[in-house]
Amino acid sequence: MAKLLSCVLGPRLYRIYRERDSGRPQSSVPGTPAAVATSPTESWESYYQPRALEKHADSILALASVLWSISYYSSPLAFFYLYRKGYLCMSKVVPFSHYAGTLLLLLAGVACLRGIGRWTNPHYIQFITILEETHRNNSPENKKQLSTYNFDFKSWPVDFHWKEPSSWKDTQHGLSHKGVSLLRTEPLHRGTADNFLNRVKKLPCQIASYLVAHTLGRRMLYPGSVYLLQKALMPMLLQGQARLVEEFNGRRAKLVACDGNEIDTMFIDRRGMSESQGQKLVICCEGNAGFYEVGCLSTPLEAGYSVLGWNHPGFAGSTGVPFPQNEANAMDVVIQYAIHRLNFQPQDIILYAWSIGGFTETLVTRTVRQHLNLNNAEQLCRYQGPVLLIRRTKDEIITTTVPDDIMSNRGNNLLLKLLQHRYPKIMGEESLRVVRQWLEASSQLEEASVYSRWEVDEDWCVSVLRSYQTEHGGDFPWSVGDDISEDGQRQLALFLARKHLHNFEATHCTPLPPHEFQIPWKL
């Protein structure tokens, strides 16, 4: 009976991974049935095959889940309609609660029938036994056997916690249970100090902004967190996970951030390969509708690097909601995991982000500024390491006019703010004008024309920068350029712009080809 209860309450099993030309390894967990033999000619891709009772019960519960999600999103309109019709009164609500209770009992019965279907399936019995044993003893051997299954990630055992002893020494001085440090936008002052009356006047707008940000706004900025979209993409996500696990020996892991959110990650280790790129780890940060299963992870992976992908809070297997502070906390535990568990040195870690700053323009400024502002430029300026920006010349998302207007691409502002912060003496008015001319070039030929017009001597630029670095160190901002002529400042500005930004002729959602993936320039 205990096993039957486990089957009723257990997670949904999606897939049983298989290696090429072989069946799934035999289980060594005590109490599990022998692995079911498979034909040598059977495809190495294998979805879990539920029995009829489990299959039909799963369909009913999945439909109920979708209907509940639709009713949740439409609840404001439904409540307004019911209120106008006079249905929100005790005489109407009590019978409705009886109907709702009956429906919940029926769904509970369907869940029990699904459990019975699982109980009669030897594949599920073997899986649930391994899962329970792994929760009791999270040993490498048990975890290896569990990794041959793809199931509801909520039941996946925790692999790394932000408070682990190996990382606690570093984190206890740098963050608290509230999260990692995050830049906040300075309040706007309009000439007079806010008094109590002004704050009261602003209160309705602030409440409206909060409600928009935590309901419609968050889902517009991060459509990947919408349950209905995830449900529609589920077959594609399962296929993407299968490819990473079965073709590239990917290792899935659950990380717990300091805010309690569970982060779904996938690691592909290339350090044992002959290519030198495998010694570098590329951590991939997906866009606002991206998932590591089908996102930008494939570019560094095909280029031969070790790769660590992760899903935003609220995306696929990750829990929580993708607000800026939660994003920062998730990124922190991913970095800690890479350093303390995967044993990569910080200098061997590369951050690769897609669509950072690609927000929709439909929200009011107050809402974005107060609740959904990621402060991309400010956060980037705090970073002291090498940076390479990839500007898509036909980007239709982060341009403020039309895709062909390359000067409206917000990547230009990111580059200019970065260079102005790091090299303020070089980036004067004349240097900014020249760099904007270079940014306006829409082809490699036009770029080369602007570059040659100002006769940039790259060897001289490198020698000036290295001389300053040797004398003053590498911490930004630099004061180099103060005693250099205006022509020299123009040359340095163009040289630095070319080293920090690379053009890629494509639209926003076109995957970056592996040959376009480059390591950022550094002296």
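To be clear, the structure that these remarks concern was listed above.
The model shown is predicted, which means the values in this text are computed figures rather than measured ones.

Student: Got a minute to help me understand the overall build of the protein chain in this structure?
Tutor: When you go through the protein chain residue by residue, the secondary structure sums to 18 helices and 10 strands. Classification of the 523 residues of the protein chain by burial places 45% in the buried group. For the protein chain, contacts bridging at least 24 residues in sequence account for 75% of all contacts bridging at least 6. Of the roughly 27,900 Å² that the protein chain leaves accessible, carbon and sulfur atoms contribute 58%.

Student: Got a minute to help me understand the pairing of strand 10 (residues 501-504) in this structure?
Tutor: Along any regular strand the residues' side chains alternate between the sheet's two faces. With burial as the criterion, each face of strand 10 is covered, one bearing L501 and N503 and the other bearing H502 and F504. Bridge count for strand 9 (residues 389-392) against strand 10 is 4 bridges, and the pairing is parallel. Residue pairing for strand 10: L389 is matched across the bridge by L501.

Student: Help me understand the sheet that holds strand 8 (residues 349-353), please; the structure alone is not making it clear to me.
Tutor: Each strand in a sheet pairs with another by means of backbone hydrogen bonds, the pair being arranged parallel or else antiparallel. Spatial ordering of the open sheet is given by 3-4-5-7-6-8, a layout of 6 strands whose pairing is mixed. Looking along the sheet, the strands with just one partner apiece sit at the ends: strand 3 (160-161) and strand 8. Both strand 4 (residues 251-256) and strand 5 (residues 262-268) contribute to a ladder of 6 bridges, which runs antiparallel. By the bridge assignment for strand 5, K254 is matched with D264.

Student: I keep staring at helix 2 (residues 52-73) and nothing clicks. Help me out?
Tutor: Every α-helical turn comprises 3.6 residues, leaving residues that sit three or four positions apart pointing alike. With 22 residues, helix 2 should cover 32 Å at 1.5 Å per step; its first-to-last C-alpha distance of 32 Å lies within 8% of that length. Taken as a whole, helix 2 has its buried residues at E54, A57, D58, L61, A62 and S69. Seen along its axis, helix 2 keeps its buried residues to an arc of 140°; they face one direction. Exposed residues lying more than 90 degrees from the buried face of helix 2 are A52, H56, L63 and L67. If you follow the buried residues of helix 2, they end up packed against helix 4 (90-119), helix 5 (122-136) and helix 9 (227-248).

Student: Explain the packing of helix 14 (residues 410-422) against helix 15 (residues 429-440) to me, please; I cannot follow it from the model alone.
Tutor: When two helices pack together, their arrangement is given by the angle between the helix axes and by the axis-to-axis distance. The geometry of helix 14 relative to helix 15 is characterised by a closest axis approach of 11 Å and an angle of 150° between their N-to-C directions. Judged by the inter-axis angle, helix 14 sits roughly antiparallel to helix 15. Crossing geometry of helix 14 relative to helix 15 is assigned as right-handed. Side by side, helix 14 and helix 15 meet where N412, L415, L416 and Q420 of the first sit next to L432, V435, R436, W438 and L439 of the second. Per-class residue counts for the contact of helix 14 with helix 15 are 6 nonpolar, 2 polar and 1 charged.

What counts and what doesn't
Residues numbered from 1 in each chain as written. Predicted model: local features only at pLDDT ≥ 70, side-chain atom pairs only at ≥ 80, totals over all residues. Heavy atoms only, no water. Helix = DSSP H or I, 4+ residues; strand = E, 2+ residues; numbered from the N terminus. Buried < 20%, exposed > 50% of the residue type's maximum accessible area, 1.4 Å probe, protein only. Contact = heavy atoms within 4.5 Å. Areas by Shrake-Rupley, 256 points an atom, 1.4 Å probe, with all protein chains shown as cover. Pairing = 2+ DSSP bridges. Expected span 1.5 Å × (residues − 1). Arc of directions from axis to C-beta. Axes fitted to C-alpha atoms, helices over the stretch in contact; angles between N-to-C directions. Parallel < 35°, antiparallel > 145°, perpendicular 65-115°, else oblique. Left-handed = near helix turned anticlockwise from the far one by under 90°. Nonpolar A, V, L, I, M, F, W, Y, C, P; charged D, E, K, R; others polar.

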